[in-house]
Amino acid sequence: MNIAQTANETTEVISSSKTTTTKIYINMYFAQLASDINSGLLAHQFNGKGRKITPIPENQESNYLYYSSDKAGETHIEPPFEINNGDNIKFKLQTAPTDESDTSYKWQGILQNRFDLQLVSEKKRSANYKAVATESTAGAPPSEADDVIIHIDFKNNGDKFSATWDPVIRIKR
């Protein structure tokens, strides 16, 4: 099931004058992620400010997070996320319902290069982006995947971490 199918089945899609905003909740297992970084199971480096930075490999992403179309985290959705050029996508970062860690966390943004997600609004734990295909993707087929990297910071048991991963987003033209 792709995001367009899920969006049609939930009330999480918000339409206003031709622009559709799709909400995607990112449910993080912060305790497991911190534990695996500290134990060396996930490779990391230091940023010089005491923060451990790690990229989450695609094949291990499901160990540390999952996506849902509802705040309760019950309706799982799988990437790739497909959105129309010009529509909005809103990411809401939250602790997974089964993660009982005492973690503080913050949205740090999205890094991209194959197409742009232009920032519409950003808060501590969420961000809203508008999909705008760039010239570099003008000739690419609609199924062509992106290079979007989500970046978050979190603090668990006094240790500071940063994590990044690619949620695979496709813009339909």
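The rules we used
Residues numbered from 1 in each chain as written. Predicted model: local features only at pLDDT ≥ 70, side-chain atom pairs only at ≥ 80, totals over all residues. Heavy atoms only, no water. Helix = DSSP H or I, 4+ residues; strand = E, 2+ residues; numbered from the N terminus. Buried < 20%, exposed > 50% of the residue type's maximum accessible area, 1.4 Å probe, protein only. Contact = heavy atoms within 4.5 Å. Areas by Shrake-Rupley, 256 points an atom, 1.4 Å probe, with all protein chains shown as cover. pLDDT = per-residue confidence, 0-100. Phe/Tyr/Trp six-rings, centres within 6.5 Å; stacked < 30°, edge-to-face > 60°. Pairing = 2+ DSSP bridges. Arc of directions from axis to C-beta.

Q: Even after reading the chapter, I still don't get the overall build of the chain, so can you show me in this structure?
A: Counting its regular elements, the chain contains three helices and 14 strands. For the chain, the proportion of its 173 residues judged to be buried stands at 43%. In the chain, of all internal contacts separated by at least 6 residues, the share reaching a separation of at least 24 is 64%. When the accessible surface of the chain is split by element, carbon and sulfur atoms take 44% of a total near 9000 Å².

Q: It is not clear to me how the confidence of the model for the chain should be interpreted in this structure. Could you clarify?
A: Detailed reading of the predicted coordinates is not advisable wherever pLDDT is low. The predicted model of the chain has a mean per-residue pLDDT of 83, with 82% of residues at 70 or higher. When pLDDT is averaged over each element of the chain, strand E5 (residues 65-68) comes out on top at 97 and helix H1 (residues 3-9) at the bottom at 45. Between residues 1-16, whose pLDDT stays under 50, and residues either more than four places distant or in other chains, the model counts 31 contacts.

Q: Could you clarify how one ought to interpret the packing of aromatic side chains in this entry?
A: Between two aromatic rings, the relevant description is the distance of the centres plus the angle of the planes. Under the defined criterion, the tally for this structure stands at six aromatic pairs. Arranged with centres 6.0 Å apart and planes meeting at 40°, the rings of Tyr 29 and Tyr 66 form a pair that is tilted. Here the residue Tyr 29 occupies a position in the loop between strand E2 (19-28) and helix H2 (30-39), and Tyr 66 occupies one in strand E5, the gap between them amounting to 37 residues. Since its relative accessible area comes to 24%, Tyr 29 is described here as partly exposed. Centre to centre, the rings of Phe 91 and Trp 107 are 5.8 Å apart; their planes meet at 15°, and the pair counts as stacked. Placement of the pair is Phe 91 in strand E8 (residues 88-95) and Trp 107 in strand E9 (residues 103-112), with a sequence separation of 16 residues. The pair Phe 91 / Trp 107 is uniform in exposure class, with both members buried. Among the aromatic residues, those joined into a ring-pair cluster are Phe 30, Tyr 105, Phe 154 and Phe 161.

Q: What is the right way to read the pairing of E5 from this model?
A: Taking every second residue as pointing to the same face, both faces of E5 are buried, with Leu 65 and Tyr 67 on one and Tyr 66 and Ser 68 on the other. Note: E2 against E5, four bridges, orientation antiparallel. Bridge pairing in E5 places Tyr 25 opposite Ser 68. For E5 and strand E6 (residues 76-77), the ladder comprises two bridges, and the chain directions are antiparallel. By the bridge assignment for E6, Tyr 67 is matched with Ile 77.

Q: When you look at H2 in this model, what are you seeing that I'm missing?
A: An α-helical segment advances 3.6 residues per turn. Residues three or four places apart therefore align on the same side. Here H2 has its buried residues at Phe 30, Leu 33, Ala 34, Asp 36 and Ile 37. Projected onto a plane normal to the axis of H2, the buried residues spread over an arc of 165° and lie on a single side. Looking one or two residues beyond H2, the residue adopting positive phi is Gly 40, at roughly 90°.

Q: Looking at this structure, I do not really get the sheet that holds E9. What am I missing?
A: Sheet strands pair by backbone hydrogen bonding; their relative direction is either parallel or antiparallel. The five strands are arranged E3-E4-E13-E12-E9 in an open sheet whose pairing can be described as mixed. A strand with exactly one partner marks an edge of an open sheet, and here the two such strands are strand E3 (45-46) and E9. Sheet topology note: the E3/strand E4 (residues 51-55) ladder contains two bridges and is antiparallel. Residue pairing for E4: Phe 46 is matched across the bridge by Lys 52.

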